[in-house]
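The residues making up each chain are set out below.
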Amino acid sequence: MLGKQVVLITGASRGIGRAIAIEFAKQHWITVICARNYTALSTVAEEITQVGGTQCLFRSFDIRDSITPLAIEIMEQYGRIDALINNAGMSLKKPFNDMDRWALEEIIETNLTAPMWLTRTILPYLQKQEQAWIVNVLSSAAKFGFPQMVAYCVSKHGLLGFTQALAAELENTNVKVVGVCPARVDTEMHRKIFPEVYEARLLRHTIMAPEIVAKRIVQIVTSNKAHNGQIINIDPWHTNLYHALKRLT
């Protein structure tokens with residue numbers, strides 16, 4: 001099948017990745033989704049069908065493993081890749097003195113090294129298109145340091161640097177590289193790490209639904225208005241202000 005645009009999304013079995021996949025499907029993109037949890041992925045594939053998605057390919061694997069077989073399968077089946085969304089990630093809230101090397105390396109590999117090598121594999125296919133996108137899902141932890149989250153902050157700072165460096169390297173080409181920095185997002189991982197935020201009534205309004213992030217990412221790709229290397233903040237304050245101003249105009 002040739003013609004329809006194809007997006008590859010990592011970490012798509014839940015949270016932001018799931019929401020991104022469904023939002024792209026609503027825009028009639030072919031979605032290729034991957035994550036470690038096969039059962040959860042198959043559920044997302046069913047949801048994509050329910051919202052009118054015509055094509056969805058899902059494969060279960062650890063993104064630290066080679067993605068080459070999947071890339072070949074995508075090209076054989078669809079003949080193109082138009083966007084890569086590096087969303088997969090993991091975190092751990094623990095004092096730095098108590099972290100073992102294995103836990104630290106797992107976070108760095110999952111959040112930084114794996115997306116870099118995955119991008120290296122997919123980039124030649126993106127370069128064949130008239131216009132293509134790489135969107136790296138960062139975090140406010142890409143710009144600030146948080147206690148007991150050293151490995152996560154380091155990995156996201158690194159991914160931000162990768163985003164900007166690769167964007168500079170690909171300047172004046174057909175591939176745009178951008179990063180999005182969501183603030184607090186209501187995901188399973190966030191609830192596990194920051195249960196106190198969900199217990200405090202006054203803080204609940206600072207938490208976004210994953211769909212808000214997903215809609216913004218899809219808008220970035222489909223509207224083609226973001227500039228190469230742009231780092232886009234997504235938080236409830238900007239979102240609420242945007243909708244308030246939109247109602248007034």
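Residues numbered from 1 in each chain as written. Predicted model: local features only at pLDDT ≥ 70, side-chain atom pairs only at ≥ 80, totals over all residues. Heavy atoms only, no water.

### Focus on the packing of helix H1 (residues 15-26) against helix H8 (residues 210-223)
Here H1 crosses H8 at 50 degrees, and the two axes come no closer than 8 Å. When the axis of H1 is compared with that of H8, the two are oblique. At the point where H1 passes H8, the crossing takes the right-handed sense. Across the interface between the two elements, Gly 15, Ile 16, Arg 18, Ala 19, Ile 20, Glu 23 and Phe 24 from H1 touch Pro 210, Glu 211, Val 213, Ala 214, Lys 215, Ile 217, Val 218 and Val 221 from H8. Taken together, the residues of the contact of H1 with H8 sort by class into ten nonpolar, one polar and four charged. (Axes fitted to C-alpha atoms, helices over the stretch in contact; angles between N-to-C directions. Helix = DSSP H or I, 4+ residues; strand = E, 2+ residues; numbered from the N terminus. Parallel < 35°, antiparallel > 145°, perpendicular 65-115°, else oblique. Left-handed = near helix turned anticlockwise from the far one by under 90°. Contact = heavy atoms within 4.5 Å. Nonpolar A, V, L, I, M, F, W, Y, C, P; charged D, E, K, R; others polar.)

### Regarding the nonpolar core
If you look at the biggest cluster of nonpolar residues, it comprises 38 residues, and the most contacted ones within it are Leu 8, Val 32, Leu 70, Ile 74, Ile 122 and Leu 126. Where this core is concerned, the elements lending two or more residues are strand E1 (6-10), strand E2 (30-35), helix H3 (68-78), helix H4 (101-126), strand E5 (132-137), helix H5 (150-169) and strand E6 (175-182). For this core, the element with the most residues is H4, which contributes seven residues. Counting 35 residues, the second largest nonpolar core, distinct from the first, contains Phe 24, Trp 29, Val 44 and Ile 217. (Core = buried A, V, L, I, M, F, W, Y, C linked by side-chain atoms within 4.5 Å. Buried < 20%, exposed > 50% of the residue type's maximum accessible area, 1.4 Å probe, protein only.)

### Focus on the side chain of Glu 23
Turning to its location among the elements, Glu 23 is positioned in helix H1. Here Glu 23 falls in the buried class, since its relative accessible area comes to 10%. If sequence neighbours within four positions are ignored, Glu 23 has contacts with Ala 214, Lys 215 and Val 218.

### Remarks on the packing of H4 against H5
Axis separation between H4 and H5 bottoms out at 8 Å; the angle between their running directions is 15 degrees. In terms of orientation, H4 lies roughly parallel with respect to H5. Read as a crossing pair, H4 and H5 show a hand that is right-handed. Counting all contacts with H4, which are made through Leu 104, Ile 107, Ile 108, Asn 111, Leu 112, Pro 115, Met 116 and Thr 119, the residues of H5 involved are Ala 151, Tyr 152, Val 154, Ser 155, Lys 156, Gly 158, Leu 159, Phe 162 and Leu 166. Tallied by class, the residues present in the contact of H4 with H5 amount to twelve nonpolar, four polar and one charged.

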